[in-house]
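Spelled out from the first residue to the last, the chains are:
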Amino acid sequence: MASSHSLILLLSFLFVLFATRIESASEEEEVRHYHTLQLSSLLPSSVCNPSTIGNKRKGSLEVVHKHGPCSSLTADMVKPLTVEETLTHDQSRVDSIRARLAINTGKKDLLGSKATIPAKSGSTIGSGNYIVTVGLGTPKKKLSLIFDTGSDLTWTQCQPCARSCYNQKEPIFTPSGSTTYTNVSCAATECSGLASATGNNPGCSVSTCVYGIQYGDQSFSVGFFGKEKLTLTPKDVVNGFYFGCGQNNQGLFGGAAGLIGLGRDKLSIVSQTANKYRKVFSYCLPSRASSTGYLTFGSGGMARNTKYTQLSTLGGSFYGLTLTAITVGGTKLPISPAVFQTSGVIIDSGTVITRLPPTAYSALSSKFRAQMKKYPLTKPLSILDTCYDLSNYQTITIPKIGVIWGGNTNVEIAPQGILYANGVSQVCLAFAANGDDSDICIFGNVQQRTMAVVYDVAGGKVGFAPRGCA
């Protein structure tokens with residue numbers, strides 16, 4: 001009887017131990033494949049919390065969100081866009097990118113009946129959220145510029161504003177007040193290079209080269225093409241930098257003095273500084289508007305734990321990548337790699353929301369919804385159709401999402417890159433479907449948040465490292 005009792009006790013102990021191990025394994029599984037985060041980390045803050053990562057590196061500029069508390073652009077200068085307006089501008093940019101790629105690759109009717117932008121439009125500013133401050137001229141004048149991997153020409157507004165200038169934060173640059181400014185001749189090779197950098201043939205005014213660039217939202221800049229001293233940091237100076245000196249400028253640039261083009265064209269800052277920085281640059285976009293990131297030229301931003309994938313060429317100056325798979329909660333989605341091969345893929349700092357082929361988005365959304373069943377769904381938000389009402393929650397648990405690039409490069413997206421909030425009552429999966437599987441897939445800036453993104457253009461690769469500016 002005693003031995004029978006002992007056996008029962010032993011079995012009970014083993015059962016408890018087994019159950020504890022199952023529970024522990026389940027908890028480990030949840031830690032590995034899910035994020036648990038405070039809902040407040042997805043919402044705006046009125047207090048600037050700058051990152052210290054990147055600010056001591058050679059060739060490094062601070063990146064701020066134009067509408068955040070770290071920005072020096074004042075509220076009366078820059079009216080913040082609503083979430084709906086941001087997503088509308090974002091769609092304009094996506095449509096414009098598709099139109100540019102159609103021209104560069106010879107594809108027909110990528111936009112179908114939605115083609116409402118000029119055939120030769122350069123790009124679109126979209127929301128133009130991220131800005132850096134540089135110095136131009138001698139003596140140096142500080143200017144806040146939108147930075148954009150989808151554009152090539154760097155330009156700023158210039159006095160005397162022969163036709164029109166919009167309001168900007170800093171005094172408008174006066175070329176006549178700089179001892180290092182010169183106009184570029186119409187006969188210069190760089191002048192003819194404007195055709196590929198802007199999508200428009202250059203003009204000529206009394207032997208001076210004239211540029212013109214129009215964006216998909218009908219913003220534009222027209223002016224003289226010049227050369228000037230560009231100061232990134234006190235120790236990082238670029239002499240004879242080619243840029244647009246705008247005399248007629250209109251559009252939704254929101255207080256920024258112009259734009260800095262990080263594309264692959266010969267006139268982009270990346271190509272113009274090739275001898276100095278070897279066509280290498282990196283950036284980290286902050287987790288939200290109340291923090292800061294960085295834009296670094298040269299190898300100073302290349303973290304040791306960076307995972308690389310090869311660049312592809314899609315036509316034009318975009319940075320093309322090869323996407324092979326997407327994971328949700330540790331499970332690879334049943335999407336054929338051919339789906340992404342059909343669409344093609346680019347990475348873009350100016351597109352807000354990642355656009356996926358409908359076949360891929362459907363698989364992602366379905367899996368995400370299945371793992372978020374405990375949270376109540378709510379109405380869609382513009383292009384975002386998987387949204388939740390989290391009014392009754394302070395902490396949430398969401399499945400991790402990863403993207404697998406060519407070369408089996410697995411990159412996990414930060415939690416702030418998975419959800420996009422319009423207040424606690426409308427928090428959405430931050431991915432959207434394209435209209436057709438043949439439309440270009442774009443890896444947008446929300447999904448890039450907090451990552452160090454390294455562009456080694458000369459090496460033909462792009463890298464990703466976690467917690468770049470966390």
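Model, not experiment: these values are computed from the prediction. (Residues numbered from 1 in each chain as written. Predicted model: local features only at pLDDT ≥ 70, side-chain atom pairs only at ≥ 80, totals over all residues. Heavy atoms only, no water.)

1. Examining the side chain of T327
For T327, the location among the structural elements is in strand 16 (residues 323-328). With sequence-adjacent residues up to four places away left out, T327 is seen in contact with K332, K400, I401, G402 and I404. (Helix = DSSP H or I, 4+ residues; strand = E, 2+ residues; numbered from the N terminus. Contact = heavy atoms within 4.5 Å.)

2. Some points on the packing of aromatic side chains
Any two aromatic rings considered together are summarised by their centre-to-centre distance and by the angle between their planes. Scanning the model with the defined rule gives 14 aromatic pairs in all. Taken together, a centroid distance of 6.1 Å and an interplanar angle of 80° make the contact between Y181 and F243 edge-to-face. One end of the pair, Y181, is in the loop between strand 5 (155-157) and strand 6 (182-183); the other, F243, is in strand 10 (residues 236-250), and 62 residues separate them in sequence. The pair formed by Y181 and F243 is uniform in burial state, with each residue classed as buried. Ring geometry for W405 versus F464: centroids 5.8 Å apart, planes at 5°, classification stacked. Of this pair, W405 sits in strand 23 (residues 401-405) while F464 is found in strand 30 (residues 461-465), placing the two residues 59 residues apart along the sequence. Exposure remark for W405: the relative accessible area of 0% places this residue in the buried category. Three or more aromatic residues joined by ring pairs form one cluster here, namely F147, F281, Y283, Y319 and Y455. Taking the ring centre of Y308 as reference, the NZ or CZ of K461 above it sits at 4.4 Å. (Phe/Tyr/Trp six-rings, centres within 6.5 Å; stacked < 30°, edge-to-face > 60°. Buried < 20%, exposed > 50% of the residue type's maximum accessible area, 1.4 Å probe, protein only. Lys NZ or Arg CZ within 6 Å of the ring centre and 35° of its normal.)

3. Focus on the state of the cysteines
Enumeration according to the criterion identifies seven disulfides in this entry. Here C284 pairs with C469 through a disulfide, and the sulfurs are 2.1 Å apart. Here the S-S torsion is close to -75°, and the disulfide linking C284 with C469 is therefore left-handed. A residue pair is termed long-range when its members are at least 10 positions apart, and C284 in strand 12 (residues 280-284) and C469 in the segment after strand 30 qualify at 185 residues. For C469, a relative accessible area of 2% translates into the label buried. (Disulfide = S-S within 2.5 Å.)

4. Observations regarding the environment of V184
In this fold, V184 is placed in the loop between strand 6 and helix 3 (189-192). Ignoring anything within four residues of it in the chain, the contact list for V184 reads S207, T208, C209, F225, G226, K227 and Y242.

5. Some words on helix 8 (residues 358-370)
For helix 8, built from 13 residues, the straight-helix expectation of 18 Å at 1.5 Å per residue is met to within 8% by its first-to-last C-alpha distance of 18 Å. Within helix 8 the residues assigned to the buried category are A360, Y361, A363, L364, S365 and F368. (Expected span 1.5 Å × (residues − 1).)

6. Details of the sheet that holds strand 17 (residues 331-332)
One open sheet accounts for four strands, arranged 17-16-23-24; its pairing is antiparallel. Sheet topology places strand 17 and strand 24 (409-412) at the edges, where each strand pairs with a single neighbour. Summarising the sheet, strand 16 and strand 23 pair through five bridges and their orientation is antiparallel. Looking at the pairing, I326 lines up with V403 of strand 23. Where helix 8 meets the sheet, it contacts strand 16, strand 17 and strand 23, and its direction lies at approximately 15° from that of strand 16. (Pairing = 2+ DSSP bridges. Axes fitted to C-alpha atoms, helices over the stretch in contact; angles between N-to-C directions.)

7. Quick word on the sheet that holds strand 20 (residues 377-378)
Spatially, the four strands line up as an open sheet ordered 20-21-26-25, and their pairing is antiparallel. Single-partner strands in this sheet number two, and they are strand 20 and strand 25 (419-421). The sheet contact formed by strand 21 (residues 387-388) and strand 26 (residues 427-429) spans two bridges and is antiparallel. Within the sheet, the bridge partner assigned to Y388 lies in strand 26 and is V427. In the packing of helix 8 onto the sheet, contacts are made with strand 20, strand 21, strand 25 and strand 26, and the angle to strand 26 comes to roughly 130°.

8. Thoughts on the confidence of the model for the chain
On average, residues of the chain carry a pLDDT of 87, and 85% of them reach 70 or more. The low-confidence segment residues 22-27 (pLDDT under 50) makes zero contacts with residues lying over four places distant or belonging to another chain. Every residue in residues 107-127 is under pLDDT 50, and counting partners more than four places away or in other chains gives 57 contacts. (pLDDT = per-residue confidence, 0-100.)

9. Regarding the nonpolar core
One finds F147, F281, L295, I401 and F464 to be the most contacted residues of the largest nonpolar core, which totals 76 residues. At five residues, the largest contribution of residues to this core is made by helix 8. With residues near it in sequence (within four places) discarded, F464 still touches N305, T306, K307, T309, L321, I347, W405, V411, F443, M451, A452 and V453. Core analysis: the second largest hydrophobic core is formed by 22 residues, C70, L153, Y242 and A256 among them. (Core = buried A, V, L, I, M, F, W, Y, C linked by side-chain atoms within 4.5 Å.)

10. Comments concerning the pattern of salt bridges
Under the counting rule described, the total for this entry stands at seven salt bridges. The salt bridge involving D348 is made with R93; its shortest N-O contact spans 2.8 Å. Within this pair, whereas D348 is found in the loop between strand 18 (345-347) and strand 19 (354-356), its partner R93 is found in helix 2 (residues 83-105), the two being separated by 255 residues in sequence. For the pair formed by D348 and R93, the shared burial category is buried. Residue K400 is joined to E412 by a salt bridge in which the shortest nitrogen-to-oxygen separation is 4.0 Å. One end of the pair, K400, is in the loop between strand 22 (395-399) and strand 23; the other, E412, is in strand 24, and twelve residues separate them in sequence. Residue class for K400 comes out buried when judged on its relative accessible area of 16%. Look at E412 and you get partly exposed, because its relative accessible area is 45%. Through salt bridges with shared partners, a single ionic network connects R93, D148 and D348. (Salt bridge = Lys/Arg side-chain N within 4 Å of Asp/Glu carboxyl O.)

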